[in-house]
Amino acid sequence: MAQDLTRDLMDLIERGRDRQLRLAVTGLSRAGKTAFLTSLVDQLRHSGLEARLDLLSAAREARLLGAQRVAQQDLGVPRFPFDQARAALEETPPRWPEPTRGISELRLKIRYRPARQAWLRPETTELTLDLFDYPGEWLLDLPLLEHDYLSWSQAQFADAGPARRSMLASFYAEVEELTPDAEIDEARLAAISEHYAEGLRAAREAGFSDLQPGRFLLPGELQGAPVLQFFPLPGLAEQDAETLDKLPEASVYAQLAKRFAYYQSHIVRPFYREHFRRFDRQIVLVDVLGALNAGPERFEDLSRALTRLMQSFNYGQRSLFSRLFTPRIDRLAIAATKADHVTPEQHQHLVALLEALLAEPLKNLKYANIPVKALSLASIRATEAREVSHQGHSTPALKGTTLDGESLLTFPGEVPSRLPTADFWTRQGFDFIAFRPQQAAPGALPHIRMDAALEWLIGDKLT
Ligand SMILES: Nc1nc2c(ncn2[C@@H]2O[C@H](COP(=O)(O)OP(=O)(O)OP(=O)(O)O)[C@@H](O)[C@H]2O)c(=O)[nH]1
Ligand SMILES: [Mg+2]
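All of these numbers come straight from a predicted model, not from anything done at the bench.

**A short note on the pattern of salt bridges**
Here's step 1: Taken as a whole and judged by the stated rule, the model has 23 salt bridges.
Here's step 2: The closest approach of N and O atoms between Arg107 and Asp130, which form a salt bridge, is 2.7 Å. Here the residue Arg107 occupies a position in strand 3 (residues 104-112), and Asp130 occupies one in strand 4 (residues 125-133), the gap between them amounting to 23 residues.
Here's step 3: Residue classification places Asp130 among the buried positions, given a relative accessible area of 5%.
Here's step 4: Of the charged contacts, one joins Arg204 and Glu137 as a salt bridge, the two residues approaching to 2.6 Å between their closest N and O atoms. Remark: Glu137 occurs in helix 5 (residues 136-139) and Arg204 occurs in helix 9 (residues 186-205); sequence separation between them is 67 residues.
Here's step 5: Each member of the salt-bridge network shares a partner with another, and the members are Arg164, Asp210, Asp301, Arg304 and Arg308.

And the structure:
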């Protein structure tokens, strides 16, 4: 207890001195969070020696001395599996890090020489960077906190397009026969919940993003628990709220609403409270290219999911008071990940498309006067950019190895710089290929613009 208190006090002092930063790496499932964190640690650990970080001013000015992982704050949370991720990348053939199944934390101490040496100023200083990783599936539970059972049910049915509906067909067939005032039948609720979970899993496999509740996709230790046995009911209307609320405890509606509330208060809220409240900076990672490859319904689904998600974070300018006691995100980056899937001259379009996808949240952030930088990056670059000449013309191409080990020289297609039109979708001019990471070489992992991201997110703290 006393130890906890001392630690919290030390943190508070460090925050006050601007020597500690908590960075939210936000991204839906498969967006590239784990790859980003792995690369971030790797680049900073190699900084000063073999990392290529020219766009990070502290590195360019040779003031960045390196970084070390240190004991994290919460000893009850596993450590971010950096070594496992790095080892997977070094195997022959190299492998991508595993999808994340639970929460992990990481604390980095970054050592640097301040830009201006002054009297009484130490020659070297440290910045503590706190990071954490989690399964993307769980992130979409944050917007679920905004709802009650009635409004949540309505939203789940309102947003589903034809492809998504077809994946949930067996759930729809069952649930449509259920009336809110029917008496509960435990076994039936469990069976319908399983249909719902199956439908969500199928939708995820098919590239959909806006899927709630997240623990249905990745239950962890909650597998089979009644708290995961609920689902939305169709045909509920706002004006029925009063009647619905009066239904007896043993009715289907009352039971489902109770489980939904339990899920919110016992699963989502603690997750949010413990991990998502205290951030100073944020990077939102988006697999724009993956969504582009998956078609219009998935693309819209991603845009909607991200817009809702970004409402769950605290943004605002900082005063000394807010920095100490109610930290807010005062600067963020949005990044289109896996930029090495397209040729370099497409990167600008990729950023424009990302901005179009996030138009709504960007408007709000601008209004709140929060600086945002949009960029495209590859945390771990798997391809090489090439020029191919054909009949006297030189065209850009990518060289990489597919996951099956086939060596490829390809032009994956043009990225539209605006939200794609119907015409784009019918032509479907984009061919997304999953590449294997490059064979490990000495030094830091190859990347695209990790240094630009770092400069924006922490550069000002390294001066
Ligand atoms: N080519 C390329 N592929 C990448 C890059 N980053 C991620 N990927 C691919 O995207 C997949 C998902 O990346 P992860 O970092 O595991 O994604 P995540 O956001 O941690 O996903 P969850 O843990 O499932 O939430 C990887 O297995 C790679 O196939 C990159 O920089 N370049
Ligand atoms: Mg992950």
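Now that the structure is up, let's keep going.
**Topic: the domain arrangement of the protein**
Here's step 1: The domain architecture assigned to the protein consists of domain 1 (2-133 + 276-383 + 439-462) and domain 2 (143-271).
Here's step 2: The straight-line distance from the C-alpha centre of domain 1 to that of domain 2 is 33 Å.
Here's step 3: Facing the 15 residues of domain 1 at the interface are 15 residues of domain 2.
Here's step 4: Carbon and sulfur atoms make up 52% of the surface buried where domain 1 meets domain 2, a total of about 1400 Å² over both sides.
Here's step 5: It is Glu297, Arg298 and Arg308 that lose the most area in domain 1 upon contact with domain 2, and together they represent 39% of the buried surface on that side.
Here's step 6: Summed over the shared surface of domain 1 and domain 2, the result is three salt bridges.

Parameters and conventions
- Residues numbered from 1 in each chain as written.
- Chains lettered and ligands numbered in written order.
- Predicted model: local features only at pLDDT ≥ 70, side-chain atom pairs only at ≥ 80, totals over all residues.
- Heavy atoms only, no water.
- Salt bridge = Lys/Arg side-chain N within 4 Å of Asp/Glu carboxyl O.
- Helix = DSSP H or I, 4+ residues; strand = E, 2+ residues; numbered from the N terminus.
- Buried < 20%, exposed > 50% of the residue type's maximum accessible area, 1.4 Å probe, protein only.
- Domains from an automatic or database assignment.
- Contact = heavy atoms within 4.5 Å.
- Buried area = accessible area lost by both parts, 1.4 Å probe.

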